[in-house]
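Notes for the structure review
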Amino acid sequence: MSESRQTHVTLHDIDPQALEQLVQYAYTAEIVVGEGNVQTLLPAASLLQLNGVRDACCKFLLSQLDPSNCLGIRGFADTHSCSDLLKSAHKYVLQHFVEVSKTEEFMLLPLKQLMKCVRLPLLSRDFLMSNVDTELLVRHHSECKDLLIEALKYHLMPEQRGVLSNSRTRPRRCEGASTVLFAVGGGSLFAIHGDCEAYDTRTDRWHMVASMSTRRARVGVAAIGNKLYAVGGYDGTSDLATVESYDPVTNSWQPEVSMGTRRSCLGVAALHGLLYAAGGYDGASCLNSAERYDPLTGTWTSIAAMSTRRRYVRVATLEGNLYAVGGYDSSSHLATVEKYEPQINTWTPIANMLSRRSSAGVAVLEGMLYVAGGNDGTSCLNSVERYNPKTNTWESVAPMNIRRSTHDLVAMDGWLYAVGGNDGSSSLNSIEKYNPRTNKWVAASCMFTRRSSVGVAVLELLNFPPPSSPTLSVSSTSL
């Protein structure tokens, strides 16, 4: 280096007092880090590659984290590439956001930077119009107005949400959250259940959670954001159009707007923040109609009907499309499958399954559509097949250990879980899971309750189980 031949070397962007302290440290191996020198000492230590001093500065700043300074420390750590301190400061901001939002540091953040972090599309249309649109800061800032227009487009064009999707249209994911599997309703001998239970993967245990307001078997269940939706079903007397949602934060169920049609044995799936209900049985006939629910507006809208009437059908989402799989058309069990494309509101047939299946379990894992078990009109099945959308072909994979129909199938943590159902003679509380890497099914922890015609979905939760669970109360009702 040229400096090695110079009698005087000029050091740029370094504080003289910090340099003097670092030279003394080089001779004494001692240095005091405090509020008065940490902001000059850390960049100087980084420049001179004195990692011990740099780490001591980061440790000191970490100990000083407070709602009033955490944003500044986060920015300081980012500027000087202190990745561990940056991560810790960012986590602190998230954990203390309410307090942080009231500080001077927060108020000094640029409006554009703040608004880009707000999930405006996930707010209600009424709130956008009455609160956001009337805010002078938004009205007088062109980039903020663009964000408001983006949110309103998301509301007004639900069929285009796949195209409009970005980080602001997706619910936030909590750091440290874990996946929890919920088993909702269903039935067993002489009973239909309103109770629900949830499986915690961290502890390998099931927990009872709040019961629905209505007993439901043959129900469709799906998750949107941090809520579960139980759609339609059969209560022992009537096929249902009612819908209710579960909030894990309050451990409670709330009514939602009812469907336009009564449906049991229906297929339900969530796509781009919308809830789809297809086929089923209305108490008189097998259905091919379908409808879509928007939780942001609380409205159901009819969409194109399937080409085939299907009850005991399952629906899954893959690559931005819906797939309605198998079912029963009132005369035969079906091997046919059709695909719905939301942007053009059209159902089209795809390749038939290898086996006829109604009441099968259907889920998507690693870009493949899996169909497990079901009934072919002769017997309850344990066979499993999967669909490759790139080749439009089906192939068999390892069969389940137990024959199952009226069960549900869900993907979680890289596994497929087959939950409950009926083996042809009795309702099941057993669970088994499939590893696509080994092509094997293994047993998992059993539920408390036997559940056929059950609905299953997965949520990512930060705090589980809820602090208390309601008393289980189920009256006997013929299934």
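Residues numbered from 1 in each chain as written. Predicted model: local features only at pLDDT ≥ 70, side-chain atom pairs only at ≥ 80, totals over all residues. Heavy atoms only, no water.

**Structural notes on the UniProt feature "domain: BACK" (unreviewed entry) in the chain**
Here the UniProt feature "domain: BACK" (unreviewed entry) sits at residues 70-165. Taken end to end, residues 70-165 is 70% helix and 0% strand, and its two terminal C-alpha atoms sit 31 Å from one another. (UniProt positions renumbered as here; feature names shortened; annotations may be inferred. Helix = DSSP H or I, 4+ residues; strand = E, 2+ residues; numbered from the N terminus.)

**A closer look at the environment of Leu-181**
Its location among the elements puts Leu-181 in strand 1 (residues 178-184). Note: C-alpha distance between Leu-181 and Leu-459 (278 residues apart in sequence) is 6.7 Å. For Leu-181, the contacting residues outside a window of four places in its chain are Glu-197, Ala-198, Tyr-199, Trp-206, Val-410, Met-412, Tyr-417, Val-419, Val-456, Ala-457 and Val-458. (Contact = heavy atoms within 4.5 Å.)

**Notes on empty space enclosed by the protein**
With the rule as written, the count across this model stands at one cavity of 30 Å³ or more. Considering only enclosed or pocket space, the largest cavity measures out at about 120 Å³ in volume. Around the largest cavity, the lining residues are Arg-218, Val-219, Cys-265, Leu-266, Tyr-312, Val-313, Arg-314, Ser-359, Thr-406, His-407, Ser-453 and Val-454. Broken down by class, the residue content of the lining of the largest cavity amounts to six nonpolar, four polar and two charged. (1 Å grid on protein atoms, 1.4 Å probe; cavity = no way out; pocket = protein on both sides within 12 Å on 5 of 7 lines; lining within 4 Å. Points joined across faces, edges and corners; volume = space filled by probe spheres on them. Nonpolar A, V, L, I, M, F, W, Y, C, P; charged D, E, K, R; others polar.)

**Thoughts on the domain arrangement of the chain**
When the parts of a complex come together, some accessible area is lost, and that lost area is often used as the size of the interface. As far as domains go, the chain holds domain 1 (16-113), domain 2 (116-160) and domain 3 (178-461). Taking only C-alpha atoms, the centre of domain 2 and the centre of domain 3 are 34 Å apart. Contacts between domain 2 and domain 3 engage 10 residues on the former and seven residues on the latter. When domain 2 packs against domain 3, close to 670 Å² is buried across both sides, 54% of that on carbon and sulfur atoms. (Domains from an automatic or database assignment. Buried area = accessible area lost by both parts, 1.4 Å probe.)

**Thoughts on the pattern of salt bridges**
Tallied over the full model, the rule gives 16 salt bridges. Notably, a salt bridge pairs Asp-200 with Arg-202, separated by 3.4 Å at the nearest N-O pair. Its relative accessible area of 1% is what places Asp-200 among the buried residues. Judged by its relative accessible area of 46%, Arg-202 is partly exposed. For the salt bridge of Glu-338 with Arg-310, the shortest nitrogen-to-oxygen distance reads 3.0 Å. With Glu-338 in strand 16 (residues 337-341) and Arg-310 in the loop between strand 13 (299-303) and strand 14 (314-318), this residue pair connects regions lying 28 residues apart in the sequence. The pair formed by Glu-338 and Arg-310 is uniform in burial state, with each residue classed as buried. If you follow the salt bridges from partner to partner, you end up with Asp-195, Glu-197 and Arg-451 in one network. (Salt bridge = Lys/Arg side-chain N within 4 Å of Asp/Glu carboxyl O. Buried < 20%, exposed > 50% of the residue type's maximum accessible area, 1.4 Å probe, protein only.)

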